[in-house]
Amino acid sequence: MLNTSARTAMLYDRVRRVIPPIEWPAFADDIDAILDLKQQRNAVILAHNYQTPEIFHCVADIVGDSLALARKAMSVDADVIVLAGVHFMAETAKLLNPQKTVLIPDLGAGCSLADSITAEDIRLLRQRYPRVPVVTYVNTSAAVKAESDICCTSGNAKAVVESLGVPRVIMLPDEYLAQNIAAQTAVEIIAWKGHCEVHERFTPADIRQLREDHPGVTVLAHPECPPEVVAEADFSGSTAAMSDYVGQQKPSRVVLMTECSMSDNVAVEHAEVEFIRPCNLCPHMKRITLANIRTALEQNRHVVTIDPEIAGHARLAVERMLAV
Ligand code: SF4
């Protein structure tokens with residue numbers, strides 16, 4: 001059995017390029033306690049790509065984008081799942097693991113996209129566009145998913161839209177994702193006015209300035225960015241696709257037009273790549289900390305619950321997506 005300092009020293013080796021030595025002692029104690037608590041409670045931690053490196057690389061068991069977390073959550077062999085991410089992700093984990101206890105360390109970890117639409121909005125859209133299927137981004141509440149025909153993520157949105165075999169779909173709530181997918185498909189897309197508060201702030205002028213300041217930089221943009229930003233980028237894809245791009249293409253300099261922690265997490269694996277970091281923080285993702293993950297496991301909070309009727313309908317929409 002390793003003592004605390006030996007165990008955490010091994011973990012620090014993984015993240016030393018992105019966490020200064022002076023910051024590490026503030027993390028080590030919580031990390032050590034969380035590793036023990038996971039064993040005691042037969043718990044796993046699912047962490048989104050936007051979590052900070054001390055969570056993503058030091059305590060998480062499963063990491064990835066929304067789609068990967070949703071998929072992997074189905075095969076989790078544990079009594080407890082702690083979702084290091086935002087509330088809709090914890091609800092999705094609960095939908096796919098109804099028998100397990102799912103915890104979210106901070107109930108305030110919301111999402112501007114998820115908050116932009118309600119179940120009632122979808123019922124009104126269906127009245128306005130009868131028989132047009134509703135494709136819902138996973139960044140939505142369980143109640144909104146329950147009103148939808150099928151879910152999608154930024155990684156599979158085009159495939160999901162085209163799988164329906166119809167000329168027109170409603171795709172919500174992210175207007176920019178809908179516009180970016182519309183540019184790639186013949187299917188007509190009716191969009192909603194929701195935006196991600198992190199990605200909507202990037203502009204084409206940001207990219208032009210980056211190219212001037214960092215000659216040769218490769219620009220990768222998330223599809224939640226406005227279409228004119230995606231048009232100026234060298235590549236656009238989900239967080240998983242951006243990570244794969246860096247691993248496969250190995251650009252000498254790269255900038256990821258997305259949430260700040262993503263660059264840190266990818267940089268840990270690619271010492272040879274220079275990461276330029278003009279990123280935007282997601283205040284919701286940043287509500288999750290080592291301290292509240294520890295408390296979640298110690299005090300079994302906050303337990304995610306979903307009304308059974310809503311859960312049944314929402315699960316169907318997620319499972320239809322996973323079958324595409
Ligand atoms: S980054 Fe954007 S889409 Fe993701 S949780 Fe934050 S506000 Fe929501």
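Residues numbered from 1 in each chain as written. Predicted model: local features only at pLDDT ≥ 70, side-chain atom pairs only at ≥ 80, totals over all residues. Heavy atoms only, no water.

Quick notes on the side chain of His-57
As a reminder, the rule being used: In DSSP terms, a helix is any run of H or I states spanning at least four residues, a strand is any run of E spanning at least two, and both are numbered starting from the N terminus. Each residue is placed in one exposure class: buried if its accessible area under a 1.4 Å probe, protein chains only, is under 20% of its type's maximum, exposed if it is over 50%, and partly exposed if it falls in between. Under the rule applied, a polar contact is a pair of N or O atoms within 3.5 Å (in protein, one hydrogen donor and one hydrogen acceptor; residues adjacent in sequence only if both atoms are side-chain atoms). Note on definitions: a residue-residue contact is assigned when non-hydrogen atoms from the two residues lie within 4.5 Å.
Residue placement: His-57 occurs in the loop between α3 (53-56) and β2 (62-64). Given a relative accessible area of 4%, His-57 falls into the buried group. At 3.1 Å, the side chain of His-57 forms a polar contact with the backbone oxygen of Asn-265. Ignoring sequence-local partners within four residues, the contact set of His-57 consists of Leu-11, Arg-14, Val-15, Asn-265, Val-268 and Glu-269.

A closer look at the site of the ligand
The condition is simple: Here a residue counts as near a molecule or strand whenever at least one of its heavy atoms sits within 4 Å of it. Note on residue categories: nonpolar means Ala, Val, Leu, Ile, Met, Phe, Trp, Tyr, Cys or Pro, charged means Asp, Glu, Lys or Arg, and polar means any other residue, Gly included.
Every residue near the ligand is listed here: Tyr-50, Val-86, Cys-111, Ser-112, Leu-113, Asn-139, Cys-196, Glu-197, Val-198, Glu-224, Cys-282 and His-284. Looking at side-chain class alone, the shell around the ligand contains 7 nonpolar, 3 polar and 2 charged residues.

Notes on helix α2 (residues 24-41)
To keep it simple, the criterion reads: Residue count minus one, scaled by 1.5 Å, sets the expected span of a helix.
Helix length check: α2 (18 residues) gives 26 Å between terminal C-alpha atoms against 26 Å at 1.5 Å per residue, within 8%. Taken together, the buried positions of α2 are occupied by Trp-24, Phe-27, Ala-28, Asp-30, Ile-31, Asp-32, Ala-33, Ile-34, Leu-35, Leu-37 and Lys-38.

Overview of the nonpolar core
Going by this rule: Side-chain atoms within 4.5 Å link the members of a nonpolar core, which is a set of buried Ala, Val, Leu, Ile, Met, Phe, Trp, Tyr and Cys residues.
Grouped together as the largest cluster of nonpolar side chains are 94 residues, with contacts concentrated most on Trp-24, Ile-31, Leu-46, Met-171, Leu-256, Ile-293 and Met-321. Ranked by the residues each element gives to this core, the list is headed by α2, at 7 residues. What Met-321 contacts, discounting residues up to four positions off in sequence, is Leu-67, Val-138, Ile-150, Cys-151, Cys-152, Thr-153, Asn-156 and Val-160. Membership of the second largest hydrophobic core comes to 13 residues, among which are Phe-202, Ile-207, Val-217 and Val-255.

Examining the packing of α2 against helix α14 (residues 290-299)
Selection rule: Lines are fitted to the C-alpha atoms to define the axes, a helix being fitted only along its stretch in contact, and any angle between axes, read from their N-to-C directions, falls within 0 to 180 degrees. Angles below 35 degrees are treated as roughly parallel, those above 145 as roughly antiparallel, those between 65 and 115 as roughly perpendicular, and all remaining angles as oblique. Should the near helix be turned counterclockwise from the far one by less than a right angle, the crossing is left-handed, whereas a clockwise turn marks it as right-handed.
Where α2 meets α14, the axes come as close as 9 Å, and the angle between the chain directions of the two elements is 30°. The angle between the axes of α2 and α14 places the two elements in the roughly parallel class. For the pair α2 and α14, the crossing hand works out as left-handed. The residues of α14 that touch α2, namely those facing Phe-27, Asp-29, Asp-30, Ile-31, Ala-33, Ile-34, Leu-37, Lys-38 and Arg-41, are Leu-290, Ala-291, Ile-293, Arg-294, Ala-296, Leu-297 and Glu-298. Grouping the amino acids of the contact of α2 with α14 by side-chain chemistry returns 10 nonpolar, no polar and 6 charged.

A short note on the sheet that holds strand β4 (residues 101-103)
In any sheet, the strands associate via hydrogen bonds between backbone groups, in a parallel or an antiparallel arrangement. The following threshold applies: By definition, two strands form a pair when at least two bridges between them are found by DSSP.
Judged by pairing direction, the sheet is parallel, and its 4 strands sit side by side in the order β2-β1-β3-β4 without closing on themselves. Looking along the sheet, the strands with just one partner apiece sit at the ends: β2 and β4. Shown here is a sheet whose adjacent strand axes are inclined to one another by a mean of 20°, direction ignored. With 3 bridges connecting them, strand β3 (residues 80-84) and β4 associate as parallel partners. Its bridge partner being in β4, Ile-81 is matched across the sheet by Val-102. The sheet strands contacting α2 are β1 (43-48), β3 and β4, and the helix crosses β1 at an angle near 125°.

Comments concerning the side chain of Thr-8
Within the element layout of this structure, Thr-8 appears in helix α1 (residues 4-15). The contacts of Thr-8, once residues within four sequence positions are left out, are Trp-24, Ala-28, Ile-31 and Asp-32.

Here we look at the UniProt feature "binding site: [4Fe-4S] cluster" (unreviewed entry) in the protein chain
The test is simple: UniProt positions are given in the numbering used here, feature names are shortened, and annotations may be inferred rather than shown by experiment.
Listed under "binding site: [4Fe-4S] cluster" (unreviewed entry) in the UniProt record, and renumbered for this structure, are Cys-111, Cys-196 and Cys-282. Spanning 172 residues, the annotated positions come together in the fold, the maximum distance between their C-alpha atoms being 9.2 Å. Position of Cys-111 among the secondary structure elements: in the loop between β4 and α6 (119-128). For Cys-111, a relative accessible area of 10% gives the class buried. Setting aside chain neighbours within four positions, we find Cys-111 in contact with Phe-88, Asn-139 and His-284. Structurally, Cys-196 can be placed in the loop between β8 (188-191) and α10 (204-213). For Cys-196, a relative accessible area of 11% puts it in the buried group. Ignoring any residue separated from it by four or fewer positions in sequence, one finds Cys-196 in contact with Ser-112, Leu-113 and Glu-224.

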